[in-house]
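# Structural features, examined
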Amino acid sequence: MNDIINPIESYYKYITNWRKIMKKIGLSFFTLIIVLGFFSLPVHAKSYEENGFRYSVKNKKAYIKGSTIQSDTLDIPDTINGFRVVGIGSRAFYKCTYKTISIPESVKYIGYGAFRKSVKLKSIKLPSKMKILQSDTFQDCTKLTDVTLNKNVQEIEDSAFKNCVSLQKIIIPDSVKTIEGNAFDSCYKLTSVRLGKNVKEIGIRAFYKNYNLKSITLPSKLQTIKDSAFAKCSELVKVKFKNKNTTLGTSVFIQCKSLNKVVLPANMKSIPESTFAECTGIKSVTLPSKVTIIKKNAFKFCSLLKTVKLNTKVYAIGDRAFAYSGLKTIKLNENMQYIGNGAFQGTKIKDIKLGSKVTFIGNRVFADCRKLKKIYIPVSVKGINPGAFNNCISL
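Residues numbered from 1 in each chain as written. Predicted model: local features only at pLDDT ≥ 70, side-chain atom pairs only at ≥ 80, totals over all residues. Heavy atoms only, no water.

### Focus: the overall build of the protein chain
Along the backbone of the protein chain there are 2 helices and 32 strands. When the 395 residues of the protein chain are sorted by exposure, 51% land in the buried category. Contacts in the protein chain between residues at least 24 apart in sequence constitute 26% of all its contacts with a sequence separation of at least 6. As displayed, the protein chain offers around 18,100 Å² of accessible surface, 50% of which is attributable to carbon and sulfur atoms. (Helix = DSSP H or I, 4+ residues; strand = E, 2+ residues; numbered from the N terminus. Buried < 20%, exposed > 50% of the residue type's maximum accessible area, 1.4 Å probe, protein only. Contact = heavy atoms within 4.5 Å. Areas by Shrake-Rupley, 256 points an atom, 1.4 Å probe, with all protein chains shown as cover.)

So, in structure tokens, the structure goes:
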């Protein structure tokens, strides 16, 4: 959008940047409206109406602000009253009733929430010169089934397609580098997602509750997957990482109940908190060779998980890391120093040997392990919490 230089677009960009800042510090957009005295366009930009379209003009360029046309289809013109149409304003078609909308190639900018809650909108093709898909653009478009992203889009902002419950497939072009938080949150029917090869970041809850998504291939340039990005994708069976250096936030695959096997990035150094918690389909896990820490709740309630193969570098297992999983066997290496509270609580382990660097057995570490018959406790252990072996009825 660098080639559109005028106060209107600068204002839009200014507002969008402030929305991101306010979101990060925990304040609502409504607070931002109050703080900035927000209006959809600067007061000095005059508004007009022509042929059923409301628009503003600045520097001989037109920005569509809405339409009064009564129809199932809407064709936005590339010129209006002699002015080139280069933008669609924020919330311009909020709650509109059009089923299809045609956007001309002259449009380079679409404001945030432009089509939000357009509950009859079924299909739309975005113009090729648009580089950023703004926040909330199609949020709550509950009948939207067909979206064509252009090959120049670089960023899909937060909640762009949130609650598009009829959307079944999406192709992210190679131009996209960032998919922000909640971008496809609660797209319940989304079964096919093709990520472009240049995606570097997937934001918080970006694909949260994509109940029908069955597989995902994560591209080779992907650096970061943030918290809960694929949480509650209950039909997700297969995940493929192409980048051995991709890092994960917390709870990335929590409650992915159909996930049965994942090959994690080779250079991963820790299993983040709640990564696979409640993934009741996982049967076995082999940790990457560089993993040193398994953080809390990582495999909690993985009821079919029976075996875990630890590498020799793992020295810490966090609180409830394997609690109430189906774990039957695990071999702890000699480097193991820390075992968190409830780490193996409620598992089916029958015997276990603690390494010589373990100095304390914490609260409920083996509580409710009803099949535990044998445990080796080294002389290095200086203390045992009174609840460490509660309900170990076979011990």
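### Re the sheet that holds strand S4 (residues 73-75)
Here 4 strands make up an open sheet; going across it, the order is S4-S7-S9-S11 and the pairing parallel. Lying at the two open borders of the sheet, with one neighbouring strand each, are S4 and strand S11 (146-148). Between one strand axis and the next, the sheet turns through 10° on average, direction left out of account. (Pairing = 2+ DSSP bridges. Axes fitted to C-alpha atoms, helices over the stretch in contact; angles between N-to-C directions.)

### Remarks on the environment of Thr 100
By the element assignment, Thr 100 lies in strand S7 (residues 100-102). Separated by 29 residues in the primary sequence, Thr 100 and Ser 71 place their C-alpha atoms 9.6 Å from one another. For Thr 100, the contacting residues outside a window of four places in its chain are Asp 72, Thr 73, Leu 74, Leu 121 and Ser 123.

### Focus on unusual backbone geometry
Despite not being glycine, Lys 117 shows a phi value in the positive range, around 60°. Although it is not a glycine, Ser 186 sits at a positive phi angle of roughly 60°. Inspection of the secondary structure puts Ser 186 in the loop between strand S14 (178-179) and strand S15 (192-194).

### Examining the side chain of Ser 159
Its place among the elements puts Ser 159 in the loop between strand S12 (155-156) and strand S13 (169-171). Filtering out sequence-adjacent residues up to four positions away, Ser 159 remains in contact with Asp 136, Gln 139, Gly 181, Asn 182 and Ala 183.

### Observations regarding the pairing of strand S17 (residues 215-218)
Here S17 shows a clear split, with Ile 216 and Leu 218 buried on one side and none of Ser 215 and Thr 217 buried on the other. Relative to strand S19 (residues 238-241), S17 runs parallel, the two sharing 4 bridges. From the neighbouring strand, Leu 218 faces S19, where its bridge partner is Phe 241.

### Structural notes on the nonpolar core
Phe 115, Phe 161, Phe 184, Phe 230, Phe 344 and Phe 366 are the most contacted members of the largest nonpolar core, which has 108 residues in total. Only strand S2 (53-58), strand S3 (61-67), strand S6 (83-88), S17 and S19 provide two or more residues apiece to this core. Looking at this core element by element, the count peaks at 3 residues for S2. Dropping the residues within four chain positions of it, Phe 366 is found in contact with Phe 344, Ile 352, Leu 354, Ile 361, Leu 372, Ile 375, Ala 388, Phe 389, Asn 390 and Cys 392. (Core = buried A, V, L, I, M, F, W, Y, C linked by side-chain atoms within 4.5 Å.)

### A few points about the pattern of salt bridges
By the definition in use, this model includes 6 salt bridges. Among the salt bridges present, the one from Asp 140 reaches Arg 116, with a minimum N-O distance of 3.4 Å. Placement of the pair is Asp 140 in the loop between strand S10 (132-133) and S11 and Arg 116 in the loop between strand S8 (109-110) and strand S9 (123-125), with a sequence separation of 24 residues. Under the relative-accessibility criterion, Asp 140 is labelled buried at 14%. For Asp 368, the salt bridge goes to Arg 364, with nearest N and O atoms at 3.4 Å. The buried category is assigned to Asp 368, whose relative accessible area is 16%. Relative accessible area serves as the criterion here: at 28%, Arg 364 is assigned to the partly exposed category. (Salt bridge = Lys/Arg side-chain N within 4 Å of Asp/Glu carboxyl O.)

### Observations concerning a positive patch on the surface
The grouping of Lys 283, Lys 306, Lys 328, Lys 348, Lys 350, Lys 371 and Lys 373 at the surface amounts to a positive patch. Within the element layout of this structure, Lys 373 appears in the loop between strand S30 (360-361) and strand S31 (374-376). In this structure Lys 373 comes out as exposed when scored by relative accessible area, which is 63%. (Patch = residues over 30% accessible without salt bridge, like charges linked within 9 Å, V, L, I, M, F, W, Y side chains within 5 Å. Lys, Arg positive; Asp, Glu negative; His and termini not counted. Charge placed at Lys NZ, Arg CZ, Asp CG, Glu CD.)

### Structural notes on the packing of aromatic side chains
Here the structure, examined in full by the defined rule, presents 17 aromatic pairs. With a centroid separation of 5.0 Å and 5° between ring planes, the pair formed by Phe 161 and Phe 184 is classed as stacked. One end of the pair, Phe 161, is in the loop between S12 and S13; the other, Phe 184, is in the loop between S14 and S15, with 23 residues separating them in the sequence. Summarising the burial analysis for this pair, Phe 161 and Phe 184 share the class buried. (Phe/Tyr/Trp six-rings, centres within 6.5 Å; stacked < 30°, edge-to-face > 60°.)

### Here we look at the state of the cysteines
Applying the stated criterion across every chain yields a total of 0 disulfides. Unpaired in this structure, Cys 164 has its nearest cysteine sulfur neighbour in Cys 187, at a distance of 5.2 Å. Here Cys 392 stays unpaired: no disulfide links it, and the sulfur of Cys 369, its closest cysteine neighbor, is 5.2 Å away. (Disulfide = S-S within 2.5 Å.)

### Quick word on the pairing of S3
Counting buried positions along S3 yields 5 of 7 residues, so the element is predominantly enclosed. Note: S2 against S3, 6 bridges, orientation antiparallel. Following the sheet pairing, Tyr 55 is matched in S3 by Ile 64. Pairing analysis gives 4 bridges linking S3 to S6, with the strands arranged parallel. Looking across to S6, one finds that Ala 62 is bridged to Val 85.

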